[in-house]
Amino acid sequence: MDTEALRSFVRAAELGRLSHAADELGVTQQAVSKRIAALERELGVRLFTRTARGVELSLDGRAFLPHARGVVAGVERAVSAVGRGSRALRIDVLGLRSAQSVVLHAYWRSRPGTDLDVVTLRVDDPRVAAAAVAAGDVDASFRTVTGPDALPQDVRMIHAFDSALELLVGPGHPLASAPRLTPAQLRGHRIWVPGIAPRSEWSVFYDQLAAEFDLRVDAAGPHFGDEVLLDTLAGSPDVATLVGARDRYLWPAGHDLRRIPVVDPVLAYPLSLLVPGTNPHPGLRGVIAHLEGLPKLPGAVWRPSWVVPPPPPVTFFVAPQWGLRPSGPA
């Protein structure tokens, strides 16, 4: 059944004149008349009788009106539920304890009432996340496509923030008592990062990190979860791992794990945000502004090659035809 015909019938019934319904719907009176006539033919009944003052509902029209109103209202609710300006802003993060989730939580707390939906796409390949942004499955994704040529045509990648890495060790590790460490002091120590997925952004990151500082990054074995990793660190005299300074990890007090900053230079894991190139969700404007206001890492900083030098900030402007669009370097 034609929902526009139903809408025309409902407005004509409520306003009492076809001309008034046509003006409100932005069509001609003839168009409204044709829609209602087609609806009457489909139903096999007369919905209106004409009077000197306009139109009045027939008995069948009165019986049909509440049902037609329900269908029109349902269609309007369905459309508004998926409209970018009316539904929750959906953003993909790597994990709910990740730095991206921490930053988004701070953004949400600073803007009470913000309709935000934080999701985790169970994918390792960032190109799959980029495709999800292009398809509208999510409005943005905290992923980095390390080869920009692999980005879908209608997806932009902007620098979100840098996450400083820390060494996480148990109390028996030889570096456990250090207040801070340089990359050179990590040489020769086993840095265990289990389950590095091929083609993932962190695979490229750790390859470049190990090559730049001659580090021993061990990806052996599957990743059985953070709890197993933390248990292993607590009982090992020689295993360490790297974690982001904003990443949240919880462990039993008896583990006595130590988070040690790495400096001179700070090892920065760059986090990017994938956004639609056109017609992004209006809520992204506030998220981008929040990211641009985050404090920068102090002192000397090492970043992998795909963000050296870091790009200037990207802002959003209102374009007449496309709504919000990102501006800045391509």
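Preceding block: the structure.
Residues numbered from 1 in each chain as written. Predicted model: local features only at pLDDT ≥ 70, side-chain atom pairs only at ≥ 80, totals over all residues. Heavy atoms only, no water.

Caption draft 1: Quick look at the overall build of the protein. Looking only at helices and strands, one finds 9 helices and 14 strands in the protein. For 330 residues, the compact-globule estimate of 2.2 N^0.38 gives 20 Å, and the protein exceeds it by more than 25% at 29 Å. With the C-alpha coordinates of the protein rotated into their principal frame, the extents come out at 95 × 40 × 35 Å. Out of the 330 residues in the protein, the part that is buried amounts to 45%. When contacts within the protein are restricted to residue pairs at least 6 apart in sequence, those whose partners lie at least 24 apart make up 72%. (Helix = DSSP H or I, 4+ residues; strand = E, 2+ residues; numbered from the N terminus. Rg over C-alpha atoms; globule rule 2.2 N^0.38 Å. Buried < 20%, exposed > 50% of the residue type's maximum accessible area, 1.4 Å probe, protein only. Contact = heavy atoms within 4.5 Å.)

Caption draft 2: Quick look at the side chain of His255. Note on placement: His255 falls in the loop between β9 (239–244) and β10 (258–261). Classification of His255 as buried rests on a relative accessible area of 15%. Engagement of the side chain of His255 in a polar contact is seen with the side chain of Asp231, the distance being 2.7 Å. Discounting residues that sit within four places of it in the chain, His255 has contacts with Pro171, Leu230, Asp231 and Ala234. (Polar contact = N/O pair within 3.5 Å; in protein donor to acceptor, adjacent residues only side chain to side chain.)

Caption draft 3: Expanded view of the packing of helix α5 (residues 99–110) against helix α9 (residues 284–292). At a minimum axis separation of 10 Å, α5 and α9 run at an interaxial angle of 115 degrees. When the axes of α5 and α9 are compared, the pair comes out roughly perpendicular. When you trace α5 past α9, the crossing you get is right-handed. The residues of α9 that touch α5, namely those facing Val103, Leu104, Ala106 and Tyr107, are Gly286, Val287, His290 and Leu291. Here the residues of the contact of α5 with α9 sort into 6 nonpolar, 2 polar and no charged. (Axes fitted to C-alpha atoms, helices over the stretch in contact; angles between N-to-C directions. Parallel < 35°, antiparallel > 145°, perpendicular 65-115°, else oblique. Left-handed = near helix turned anticlockwise from the far one by under 90°. Nonpolar A, V, L, I, M, F, W, Y, C, P; charged D, E, K, R; others polar.)

Caption draft 4: Spatial organisation of the nonpolar core. Of all hydrophobic cores here, the largest spans 48 residues; its most connected members are Ile91, Phe142, Phe161, Leu167, Leu209, Leu273 and Leu291. Within the residue set of this core, elements represented by two or more residues are β3 (89–92), α5, β6 (155–169), α7 (201–213), β9, β11 (266–276) and α9. If you tally residues by element for this core, the top one is β6, at 6 residues. Excluding residues that lie within four positions of it along the chain, Phe161 makes contacts with Ala99, Gln100, Val103, Phe142, Arg246, Tyr269, Pro270, Leu271, Leu291 and Leu294. Among the nonpolar cores identified, the runner-up in size contains 19 residues, and Leu18, Ala22, Leu47 and Leu57 belong to it. (Core = buried A, V, L, I, M, F, W, Y, C linked by side-chain atoms within 4.5 Å.)

Caption draft 5: Geometry of helix α1 (residues 3–15). The end-to-end C-alpha distance of α1 is 18 Å, a good match for the 18 Å that 13 residues give at a rise of 1.5 Å each. What α1 keeps buried is the set Ala5, Leu6, Arg7, Ser8, Phe9, Val10, Arg11 and Ala12. If you check the start of α1, you find a side-chain oxygen 3.0 Å away from the backbone N of Glu4, and it comes from Asp2. One or two positions beyond α1, positive phi appears at Gly16, with a value near 80 degrees. (Expected span 1.5 Å × (residues − 1).)

Caption draft 6: Representation of the side chain of Ser272. By secondary structure assignment, the location of Ser272 is in strand β11. Polar contacts involving the side chain of Ser272 include one to the side chain of Thr144, which spans 3.0 Å. Sequence-distant contacts of Ser272, defined by excluding residues within four places in its chain, comprise Ser141, Phe142, Arg143, Thr144, Met157, Ile158 and Ala160.

Caption draft 7: The arrangement of the packing of α1 against helix α3 (residues 29–43) in detail. Here α1 crosses α3 at 110 degrees, and the two axes come no closer than 9 Å. Judged by the inter-axis angle, α1 sits roughly perpendicular to α3. For the pair formed by α1 and α3, the contact residues are Glu4, Ala5, Leu6, Ser8, Phe9 and Ala12 on the first element and Val32, Arg35, Ile36 and Leu39 on the second. Along the lines of polarity and charge, the residues of the contact of α1 with α3 split into 7 nonpolar, 1 polar and 2 charged.

Caption draft 8: Layout of unusual backbone geometry. Between Asp264 and the following residue, Pro265, the backbone shows a cis peptide bond with an omega angle of 0 degrees. Positive phi, normally seen in glycine, also occurs at Asp256, with a value near 50 degrees. Within the secondary structure, Asp256 sits in the loop between β9 and β10. A positive phi angle is found at Asp264, which is not glycine, with a value near 50 degrees. Relative to the elements of secondary structure, Asp264 occurs in the loop between β10 and β11. For Asp264, a relative accessible area of 61% translates into the label exposed.

Caption draft 9: Looking closely at the pairing of strand β2 (residues 54–57). For strand β1 (residues 48–51) and β2, the ladder comprises 4 bridges, and the chain directions are antiparallel. Across the sheet, the residue bridging to Phe48 is Leu57, located in β2. (Pairing = 2+ DSSP bridges.)

Caption draft 10: Main features of the environment of Leu271. Looking at the element boundaries, Leu271 is found in strand β11. On the accessibility criterion, Leu271 (4% relative accessible area) is buried. A sequence separation of 80 residues divides Leu271 from Ile191, and the C-alpha atoms of the two residues are 21 Å apart. If we ignore the near neighbours within four places in the chain, the residues touching Leu271 are Ala99, Gln100, Thr144, His159, Ala160, Phe161 and Ser163.

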